[in-house]
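Per-entry structural report
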Amino acid sequence: METRAHHVLIGLFTLIVSIGALLFALWLAQSSNDQKFKFYDVIFNEAVTGLSEGGTVQYSGIRVGDVVSLRLDPNDPRKVRARIRVYDSTPIREDTRAKLALTGVTGQAIIQLSSAAQDSPPLVSQDGSIPVIKTIPSPLAKLLANGEDIATNVNTLLANASRLFSQENVDHISRTLDHMDQATSVIAEQRADIRQTIKEMAAASEQARITLANASALLERANQTLGSRGPAILDDTQKTLAALRVSSERIEQLLNNNYDAVNGGLSGLGEIGPAVRELRATLEDLRGVTRRLQENPAGYLLGRERNKEFQP
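Everything numeric here is computed off the predicted structure, so don't read it as measured data. (Residues numbered from 1 in each chain as written. Predicted model: local features only at pLDDT ≥ 70, side-chain atom pairs only at ≥ 80, totals over all residues. Heavy atoms only, no water.)

It is worth spelling out the overall build of the protein at this point. Within the protein, the secondary structure is distributed over seven helices and seven strands. When the helices and strands of the protein are listed from N to C terminus, the series reads α-β-β-β-β-β-β-β-α-α-α-α-α-α. The buried share of the protein, reckoned over its 312 residues, is 16%. Residue pairs in contact within the protein that sit at least 24 positions apart in sequence constitute 60% of those at least 6 positions apart. (Helix = DSSP H or I, 4+ residues; strand = E, 2+ residues; numbered from the N terminus. Buried < 20%, exposed > 50% of the residue type's maximum accessible area, 1.4 Å probe, protein only. Contact = heavy atoms within 4.5 Å.)

Here is the structure:
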């Protein structure tokens with residue numbers, strides 16, 4: 001009896017929960033039906049690929065309605081007229097604009113509404129018809145319209161990449177890498193020499209720096225010297241040049257006035273030359289006699305030569 005009573009209570013509880021859930025769903029549906037909507041027409045001058053009836057209408061990222069119908073404009077088939085309904089509380093103004101956008105990872109197209117000014121008046125129709133919301137170009141539509149061109153460009157890019165990575169080019173790249181590997185190996189083997197060369201270059205740079213510093217110091221001292229004593233040196237140089245000029249003028253005048261005497265003196269000097277040579281020969285003979293007297297006076301005076309000593 002107790003087991004049967006428990007089953008009855010469980011069944012009764014399940015029934016009550018089911019009825020409550022059904023009533024809650026009916027209440028939500030009724031509240032949704034009681035929601036007031038406003039209808040607007042959105043005219044697109046481009047393809048609306050991905051947009052369908054029942055699609056979402058968002059305002060600044062928040063769902064505010066859905067798409068009621070889609071049809072071509074009877075006056076211009078290039079245009080698409082989409083009728084949407086949005087909640088009555090949605091602020092649709094005269095500056096409100098609509099565009100196609102993608103939502104989520106599924107890539108489903110939606111209508112995105114946006115407005116710039118807060119003081120713009122509400123959008124209403126003057127003749128009682130359904131108001132029309134203006135559209136702005138959508139990057140999504142441009143992308144979809146240019147999809148064929150993009151696919152062509154991608155195919156061309158892939159073909160060029162395939163030619164770039166041909167077997168011949170791959171072989172060239174492999175050989176280049178081998179050469180680079182050999183070059184790096186040689187450089188690695190010559191690291192000691194390279195290090196020594198760098199040290200020598202550093203020492204040479206240091207020596208050059210010291211030399212330049214010394215040259216700069218020398219130039220500085222020369223500049224200071226010229227700056228302090230330069231005018232005096234130039235003045236002395238000018239005076240010396242003036243004195244040399246006066247002396248040269250006097251010598252030239254003296255030579256011109258005594259040309260005959262000087263010419264005769266030079267002729268006399270030419271005659272003195274042979275006498276000087278004879279005097280030099282006589283002095284050489286006299287030097288020889290003196291040397292012989294110093295070496296063997298008796299032998300020279302008596303006319304006998306010195307006997308050579310025997311060395312055992």
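According to the stated counting rule, one finds seven salt bridges in the structure shown. Of the charged contacts in the structure, one is a salt bridge between D66 and R85, with a shortest N-O distance of 3.0 Å. One end of the pair, D66, is in strand β3 (residues 62-72); the other, R85, is in strand β4 (residues 80-87), and 19 residues separate them in sequence. The buried category is assigned to D66, whose relative accessible area is 15%. Put simply, D41, D73, R81 and R83 are held in one network by salt bridges that share partners. (Salt bridge = Lys/Arg side-chain N within 4 Å of Asp/Glu carboxyl O.)

Before going further, it helps to spend a moment on the pairing of strand β6 (residues 108-114). Of all seven residues in β6, five are buried, a share of seventy percent or more. Where strand β2 (residues 56-59) and β6 come together, three bridges link them in parallel fashion. The residue bridging Y59 from the neighbouring strand is L113, located in β6. As defined by bridge partners, strand β5 (residues 97-103) adjoins β6 across seven bridges and the pair is classed as antiparallel. Paired with K99 across the two strands is Q112, which belongs to β6. (Pairing = 2+ DSSP bridges.)

A few words now on the side chain of T56. One can find T56 in strand β2. Within the structure, the side chain of T56 is placed 2.9 Å from the side chain of R63, a separation counted as a polar contact. If sequence neighbours within four positions are ignored, T56 has contacts with R63, G65, I110 and I111. (Polar contact = N/O pair within 3.5 Å; in protein donor to acceptor, adjacent residues only side chain to side chain.)

The subject of this paragraph is the packing of aromatic side chains. Under the criterion given, the structure shown has one aromatic pair. Each ring, one from F37 and one from Y87, has its centre 5.3 Å from the other, and the planes form 35°; the classification is tilted. One end of the pair, F37, is in strand β1 (residues 37-44); the other, Y87, is in strand β4, with 50 residues separating them in the sequence. For F37, a relative accessible area of 25% translates into the label partly exposed. Above the face of the F37 ring, R85 is positioned so that its terminal group lies 4.4 Å from the ring centre. (Phe/Tyr/Trp six-rings, centres within 6.5 Å; stacked < 30°, edge-to-face > 60°. Lys NZ or Arg CZ within 6 Å of the ring centre and 35° of its normal.)

On to the nonpolar core, then. Counting residues in each nonpolar core, the largest one holds 21 residues, and the members touching the most others are F44, I84, I111, L113 and I133. Secondary structure elements with two or more residues in this core: β1, β2, β3, β4, β5 and β6. Among the elements that line this core, the one with the most residues is β4, at four residues. (Core = buried A, V, L, I, M, F, W, Y, C linked by side-chain atoms within 4.5 Å.)

What follows is about a nonpolar patch on the surface. On the surface, L12, L15, I16, I19, L22, L23 and L26 cluster together into a nonpolar patch covering about 700 Å² of accessible area. When you line up the elements, L22 lands in helix α1 (residues 2-34). Judged by its relative accessible area of 53%, L22 is exposed. (Patch = residues over 30% accessible without salt bridge, like charges linked within 9 Å, V, L, I, M, F, W, Y side chains within 5 Å. Areas by Shrake-Rupley, 256 points an atom, 1.4 Å probe, with all protein chains shown as cover.)

We now examine the confidence of the model for the protein. In the predicted model, the protein carries a mean pLDDT of 75, and 68% of its residues have values of at least 70. In the predicted structure, residues 308-312 sits below a pLDDT of 50 and forms zero contacts with residues beyond four places in sequence or in another chain. (pLDDT = per-residue confidence, 0-100.)

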